[in-house]
Amino acid sequence: LNINEDEKECDVSFHVYPNPAHDKVFIRFAEKNIYENVSISIYNQYGVYVKSYKTKNSYLFEIDISELNKGIYFIQLFYDNNQTISIIEKLIVL
């Protein structure tokens, strides 16, 4: 999992819950702004890309993680024209 030096730091933050989780998690932005065309990328504990999800027009997203094996993952968000939200959250799948 690489963070490019060109990526801009932004003030957007998000929360992943429940964590640890079994079959689904919710991702909620701290601000209640509506974010369009959000892509959610999940990486395993070694930084290898595992899966991505696309969402539209919300500040709260539900994602199905039932296909993921037990372990530690990291979630990174991209929004509006692939601008990276520079915060990465750890997710534990049970």
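Refer to the structure presented above.
Residues numbered from 1 in each chain as written. Predicted model: local features only at pLDDT ≥ 70, side-chain atom pairs only at ≥ 80, totals over all residues. Heavy atoms only, no water.

Considerations on the overall build of the protein
Piece 1. Within the protein one finds 0 helices and 7 strands.
Piece 2. In sequence order, the secondary structure elements of the protein are arranged as β-β-β-β-β-β-β.
Piece 3. Of all 94 residues assigned to the protein, the portion counted as buried reaches 35%.
Piece 4. By sequence separation, contacts in the protein at least 24 residues apart represent 55% of the contacts at least 6 residues apart.
Piece 5. Split by element, the accessible area of the protein, about 6000 Å² in all, is 45% carbon and sulfur. (Helix = DSSP H or I, 4+ residues; strand = E, 2+ residues; numbered from the N terminus. Buried < 20%, exposed > 50% of the residue type's maximum accessible area, 1.4 Å probe, protein only. Contact = heavy atoms within 4.5 Å. Areas by Shrake-Rupley, 256 points an atom, 1.4 Å probe, with all protein chains shown as cover.)

Focus: the sheet that holds strand 1 (residues 14-17)
Piece 1. Reading across from one edge, 1-2-5 is the order of the 3 strands in this open sheet, with antiparallel pairing throughout. Each edge of the open sheet is held by one strand with a lone partner, namely strand 1 and strand 5 (60-64). For this sheet, the mean inter-axis angle between neighbouring strands, taken without regard to orientation, is 20 degrees.
Piece 2. Relative to strand 5, strand 2 (residues 24-29) runs antiparallel, the two sharing 5 bridges. Its bridge partner being in strand 5, Arg 28 is matched across the sheet by Leu 60. (Pairing = 2+ DSSP bridges. Axes fitted to C-alpha atoms, helices over the stretch in contact; angles between N-to-C directions.)

So, the pairing of strand 3 (residues 38-44)
Piece 1. Judged by how many residues are buried, strand 3 sits mostly within the fold: 6 of 7 residues are covered.
Piece 2. Here strand 3 runs beside strand 4 (residues 49-55); their pairing, made up of 6 bridges, is antiparallel. By the bridge assignment for strand 4, Ser 39 is matched with Lys 54.
Piece 3. Between the end of strand 3 and the start of strand 4, which pair antiparallel, lie 4 residues, with Gly 47 showing a positive phi angle near 85 degrees.
Piece 4. Two elements, strand 3 and strand 6 (residues 71-79), share 6 bridges in a ladder whose sense is antiparallel. By the bridge assignment for strand 6, Ile 42 is matched with Ile 75.

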